[in-house]
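Here is how the chains run, residue by residue.
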Amino acid sequence: MIRDFAADEIDPLAIGAWILGTGGGGSPYLAQLNLKKLYRDGRRCKLIDPLALDDGDAVAVVSKMGAPLVGQERLVDPAHLARAVRLMEEYTGKPFRAVMSVEIGGGNALSPFLAGAVLDIPVVDADAMGRAYPEAQMTSFAIGDLQMYPLTLVDCRDNEAIVARAASWKWMERISRKICTEVGSTSATCKAPRTGKEVKEWGVLHTVTKATSLGRAVLGARAAHADPVAAVLDHEGGVELFRGKVVDVDRTTTGGFLRGAAKIEGLDGDRGSTLELSFQNEWAVAFRDGAPIAMTPDLICLLDTVSGEAIGTETVRYGQRVTAVALPAPAVLQTPKGLEHVGPRAFGYDIEFKSVFAS
Amino acid sequence: MKRIGIDVGGTNTDAVLIDGETVLDAVKLPTTSDVMQGVVNAIGSVMARQPGGASPVDAVMIGTTHFTNAVVERARLERVGAIRIAMPAGASLPPMVDWPDDLREAVDPMSFMVEGGHEYDGRPLVPLDREAVREAAMRIRDAGIRSVGITALFSPLTTECETEAADIVRSVIPQARITLSHTLGRIGLLERENVTLLNAALQGLGEGTVDAFAEALRESGIHAPFYLTQNDGTVVLARVAAANPVYSFASGPTNSMRGAAFLTGLKEAMVVDVGGTTSDIGCLVGGFPREANNVVEVGGVRTLFRMPDLLPMALGGGTIIDLDKGTIGPRSVGYRITSEALVFGGSTLTTTDVAVAAGLVEIGDRDRVRHLDRGVVRDLLKRIEVMVEDNVDRMKTSAEGVRLIAVGGGSFLIPERLKGASEVLRVEHAGVANALGAAMAQVSGEVDQVFSGMGRDAALAEAVKIARERAMEAGARPSSIVTLEAEDIPIAYLPGDARRVRVRVVGDISFSRTSKAA
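These numbers come from a predicted model, not from an experiment.

A few points about the interface of chain B and chain A
Then, in step 1: Contact with chain B, which involves 44 residues of that partner, is made by 38 residues of chain A.
Then, in step 2: With both chains or domains summed, chain B and chain A bury close to 3500 Å², and 51% of this area falls on carbon and sulfur atoms.
Then, in step 3: For Glu 119 of chain B, the salt bridge identified is with Arg 74 of chain A, shortest N-O distance 2.5 Å.
Then, in step 4: In this structure, the connection of chain B to chain A is made through 17 residue pairs in polar contact (both at pLDDT 80 or more).
Then, in step 5: Looking at the side of chain B that touches chain A, the elements that each hand over two or more residues are helix H6 (189-220), helix H11 (374-395), helix H13 (456-473) and strand S22 (482-490) of chain B.

In structure tokens, the structure reads:
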């Protein structure tokens, strides 16, 4: 099944993707501006159901790679994402049937749309995380031990790189990250091409539709003066973790990542308590008064208490009134193999994963 | 400590004279076309009623909606030259790409995207294309543009490209007024550029306005320091404020909300401040305006300012009604209301005329609006009511009715009963709430500098200490000082754990007579 992606779906997709970004992935705003501009210029995107892909179809996996803070300065240019895809075609000699996102969370949800609009190829309704994560080995494709190379990377200065081979997903991450950092911690990449069969087996399916519908739920709640935070929880079957006010944000940019922690002082029912949200591009672990209460791969999202709008690790600021929520993670991330890739230990926390949603 | 608070709106100039927290006098007079005369009149009026031998005025605080009105009305904006130094990055999103079309057309920028800028770690992205900057400057000069906004990639961390470009522009256009983005904004190229270009479009108006205020004070024989109120409810010396009109954007509403809290004693309520040209709706939380999270839109332009969460409506006492087109606003006759509105013998139908015709308020000559069809008047008032209801509704955070405080000179346009409001409150001096808020404005202390050779906690603590000292020097009572913002950006390419720390504290002005305002 393939259908037109309508212009009025751009905003809901961006809102939903920003929430599923769990604080990272970068704000979709710039990608949204670009996509609207492309639509104004007459370009259109098509959305293809992954189940409609032929097993042998070649699918490009595009993403903007780098630190979100850098992305806010260097902006996003569809031409570079399209160029990364073309470079991959030139290298492999095989044209792509469709393009998909590596992560539905944050700005990268729109990356395949930018490339797809420029190249006029459809976008697959799927991703490889169901959220956002900072590293290459933190994808469902890596959990499935699929081939991790080649990778193409381009920057705005006409620098183009191909990582022809890598010994593992971690090596792919290390090498590509090094190149990315060298070109200023922001770049457009086309990851290892996937077959239709691999997407169907290992992709997190229908996440474009999910993000768009989540965005619509938030917009609907705002219009009806219902609580948008509650709308997010209802839509995703999530739970509220903490309500309060941001009192401190500690950030450092190291190795191309934004790391740090945001401290939130409790309000309402949480008065007297403090929540510390530590992050590595995305929110990784939530500590309530020092004890971990939610952790990756559960989705930890920080929302504006009033508008329900997601707040990113690079935009969280002193004084904001926020609600932290947890949403369930895709099943593939919660398998023992999945946890090796994206559990708390993968981020350096010596904590046994316990889902907020475990009964 | 005796202070005069003045609010210069597009339509009225209000003044209050206060001693400590006691209101000695308050007046509301029409704003004049030269702005200055209205201020002279207002000061003259409150001072004239003081007994002879009364102590002199210690400070004058002026709040003005001039700058934000210019943006909202898309009027009195100066054409700007926009130079972005970031190519080859960001080419698909040129300057003002996310501005509303009508505002972009009003500012009619001459935009240039040239190569240069830095990376986050201080390396150049590509070398600055000085020739391209010079060429841009020449074309800006040839177009007769005098106001220039320059935004370079990562300039909050490396200011070099912007200052160098400014030198080049100045060498080509010696009289140029230049706004550099790093002086106004932080990380976030588009938002910082937006603020820079808004500021550039307003700088001429800023200088002219402050000159006029200074002249007005001289003429009134006042020799006290004079301040302009800022978005956050604090004041800065007017001369400093003139260069950055964007910092005064939301001062009017901030002042009126603080004034409304003071007048009603309410700490939680919604406030609608109806001026002559626009109205603003905001929420009081704990006696202070609720702040907007993240992105704040000004006239439809995205910025990263810290500002009260306000919803502006193009509805004021001077809003022009066009019966042929069936439109209410967005243009206003502004200060010309006393000559142009029907009730004052003019020929322009305004919202005030409709209110007078309906008997909501007695202003001017009611006979001049008797010819208005009753059905038409009723219909117009109903539309205004719906407009207010819609906007109050948009600001609400729960379905429950809120208490709505109506302040400002045009508050008679707010109906007694409103869908969504549990009650509509009006109070004495409500018409001069912003002048009161201005008079009660706080002073701030700010630090924005790079600290190194110490840990983050130590750097923040040191910055807070310096900011507090500065606030006290500016007259703040030590016990009242609170930290408004504290943030830091690590600077990876400098040794010694260097970080740029920005801290802003505010405090009440000390009422003790022995303290001196800076």
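Some thoughts on the pattern of salt bridges
Then, in step 1: The final tally for this structure, using the stated rule, is 51 salt bridges over all chains.
Then, in step 2: The partner of Arg 456 of chain B in a salt bridge is Asp 250 of chain A, with the nearest N and O atoms 3.3 Å apart. Of this pair, Arg 456 of chain B sits in helix H13 while Asp 250 of chain A sits in strand S11 (residues 239-254), placing the two residues on different chains.
Then, in step 3: The exposure class assigned to Asp 250 of chain A is partly exposed, which follows from its relative accessible area of 30%.
Then, in step 4: Where salt bridges share partners, they join Asp 248 and Asp 250 of chain A together with Arg 456, Asp 488 and Arg 499 of chain B into one cluster.

Details of empty space enclosed by the protein
Then, in step 1: Applying the stated criterion across every chain, the model contains six cavities of 30 Å³ or more.
Then, in step 2: Looking at the largest cavity, its volume works out to about 220 Å³.
Then, in step 3: Looking at the largest cavity, it is lined by 21 residues, and the ones nearest its centre are Asp 7, Gly 9, Gly 275, Gly 276 and Asn 434 of chain B.
Then, in step 4: Counting only elements with at least two residues in the lining of the largest cavity, the list comes to strand S2 (12-19), helix H2 (66-73) and strand S11 (269-274) of chain B.
Then, in step 5: Broken down by class, the residue content of the lining of the largest cavity amounts to one nonpolar, 15 polar and five charged.
Then, in step 6: The residue makeup of the lining of the largest cavity includes at least three contributed by each of domain 1 (2-70 + 208-264) and domain 3 (296-436) of chain B.
Then, in step 7: In this structure, the second largest cavity occupies an estimated 140 Å³ of space.
Then, in step 8: Along its surface, the second largest cavity is lined by 15 residues, and Lys 64, Leu 75, Asp 77, His 80 and Thr 186 of chain A are the ones closest to its centre.
Then, in step 9: Mapped by element, the contributors of at least two residues to the lining of the second largest cavity are helix H4 (78-92) and strand S9 (186-195) of chain A.

Observations concerning helix H10 (residues 228-236) of chain A
All names here are of chain A.
Then, in step 1: What H10 keeps buried is the set Pro 228, Val 229, Ala 231, Val 232, Leu 233 and Glu 236.
Then, in step 2: Structurally, the start of H10 carries an N-cap: the backbone nitrogen of Val 229 is 3.0 Å from a side-chain oxygen of Asp 227.
Then, in step 3: One or two steps after H10, the chain reaches Gly 237, where phi turns positive at roughly 65°.

Focus on the sheet that holds strand S21 (residues 442-451) of chain B
All names here are of chain B.
Then, in step 1: Reading across from one edge, S3-S2-S1-S4-S9-S10-S21-S23-S22 is the order of the nine strands in this open sheet, with mixed pairing throughout. Two strands close off the open sheet at either side, each with one partner strand: strand S3 (22-30) and S22. Averaged over all pairs of adjacent strands, the angle between their axes in this sheet comes to 25°, without regard to strand direction.
Then, in step 2: Along the sheet, H6 makes contact with strand S1 (2-8), strand S4 (59-64) and strand S9 (226-229), crossing S9 at roughly 140°.
Then, in step 3: Each of S21, S22 and strand S23 (499-507) is contacted by H13, which is oriented at about 145° to S21, the strand it contacts most.

Focus on the packing of aromatic side chains
All names here are of chain A.
Then, in step 1: Applying the stated criterion across every chain yields a total of four aromatic pairs over all chains.
Then, in step 2: With a centroid separation of 4.6 Å and an interplanar angle of 45°, the aromatic rings of Phe 5 and Phe 113 are classed as tilted. One end of the pair, Phe 5, is in strand S1 (residues 2-5); the other, Phe 113, is in helix H5 (residues 111-119), with 108 residues separating them in the sequence. Phe 113 carries the same exposure label as Phe 5, and that label is buried.
Then, in step 3: Ring geometry for Phe 279 against Trp 283: centres 5.5 Å apart, planes inclined by 90°, an arrangement best described as edge-to-face.

Here we look at the domain arrangement of chain A
All names here are of chain A.
Then, in step 1: Along its sequence, chain A is organised into domain 1 (2-207) and domain 2 (226-347).
Then, in step 2: On a C-alpha basis, the centroid separation for the pair domain 1 and domain 2 is 24 Å.
Then, in step 3: Domain 1 puts 34 residues into the contact, and the matching count from domain 2 is 35 residues.
Then, in step 4: It is Trp 18, Ile 19 and Ile 143 that lose the most area in domain 1 upon contact with domain 2, and together they represent 23% of the buried surface on that side.
Then, in step 5: Our count for the domain 1 to domain 2 interface comes out at one salt bridge.
Then, in step 6: Viewed at the interface, domain 2 and domain 1 are joined by ten residue pairs in polar contact (both at pLDDT 80 or more).
Then, in step 7: Elements represented by at least two residues in the side of domain 1 that touches domain 2 include exactly helix H1 (10-20), helix H3 (68-74), helix H6 (140-143) and helix H7 (169-182).
Then, in step 8: Here the residues of the side of domain 1 that touches domain 2 sort into 15 nonpolar, 14 polar and five charged.

What about the sheet that holds strand S7 (residues 147-152) of chain B?
Two orientations exist for strands paired in a sheet by backbone hydrogen bonds: parallel and antiparallel.
All names here are of chain B.
Then, in step 1: A sheet is described by the order of its strands in space; here four strands give the open sequence S6-S5-S7-S8, paired in parallel fashion. Whereas interior strands pair on both sides, the edge strands pair on one side only; in this sheet they are strand S6 (110-115) and strand S8 (177-180). Put simply, the sheet's adjacent strands are angled 20° from each other on average, direction ignored.
Then, in step 2: This element, helix H4 (residues 130-142), spans strand S5 (80-87), S6 and S7 of the sheet and lies at about 170° to S6.
Then, in step 3: Across the sheet, H6 is in contact with S5, S7 and S8; its angle to S7 comes to roughly 160°.

Things to note about the domain arrangement of chain B
Residues and elements named next belong to chain B.
Then, in step 1: Taken domain by domain, chain B comprises domain 1 (2-70 + 208-264), domain 2 (77-206), domain 3 (296-436) and domain 4 (441-507).
Then, in step 2: Listed by partner, the interface residues are 34 residues for domain 1 and 23 residues for domain 3.
Then, in step 3: Buried area between domain 1 and domain 3, both sides added, is near 2200 Å², and the carbon and sulfur share of it is 77%.
Then, in step 4: Of all residues in domain 1, Thr 11, Leu 263 and Thr 264 bury the most surface against domain 3, accounting for 21% of the area lost on that side.
Then, in step 5: Scanning the region where domain 1 abuts domain 3 turns up zero salt bridges.
Then, in step 6: Those elements giving two or more residues to the side of domain 1 that touches domain 3 turn out to be S1, S2, S3 and helix H8 (251-264).
Then, in step 7: If one sorts the elements of the side of domain 1 that touches domain 3 by residue count, H8 sits on top with eleven residues.
Then, in step 8: Of the residues belonging to the side of domain 1 that touches domain 3, the class tally is 17 nonpolar, 14 polar and three charged.

Calculation criteria
- Residues numbered from 1 in each chain as written.
- Chains lettered and ligands numbered in written order.
- Predicted model: local features only at pLDDT ≥ 70, side-chain atom pairs only at ≥ 80, totals over all residues.
- Heavy atoms only, no water.
- Contact = heavy atoms within 4.5 Å.
- Buried area = accessible area lost by both parts, 1.4 Å probe.
- Salt bridge = Lys/Arg side-chain N within 4 Å of Asp/Glu carboxyl O.
- Polar contact = N/O pair within 3.5 Å; in protein donor to acceptor, adjacent residues only side chain to side chain.
- Helix = DSSP H or I, 4+ residues; strand = E, 2+ residues; numbered from the N terminus.
- Buried < 20%, exposed > 50% of the residue type's maximum accessible area, 1.4 Å probe, protein only.
- 1 Å grid on protein atoms, 1.4 Å probe; cavity = no way out; pocket = protein on both sides within 12 Å on 5 of 7 lines; lining within 4 Å.
- Points joined across faces, edges and corners; volume = space filled by probe spheres on them.
- Nonpolar A, V, L, I, M, F, W, Y, C, P; charged D, E, K, R; others polar.
- Domains from an automatic or database assignment.
- Pairing = 2+ DSSP bridges.
- Axes fitted to C-alpha atoms, helices over the stretch in contact; angles between N-to-C directions.
- Phe/Tyr/Trp six-rings, centres within 6.5 Å; stacked < 30°, edge-to-face > 60°.

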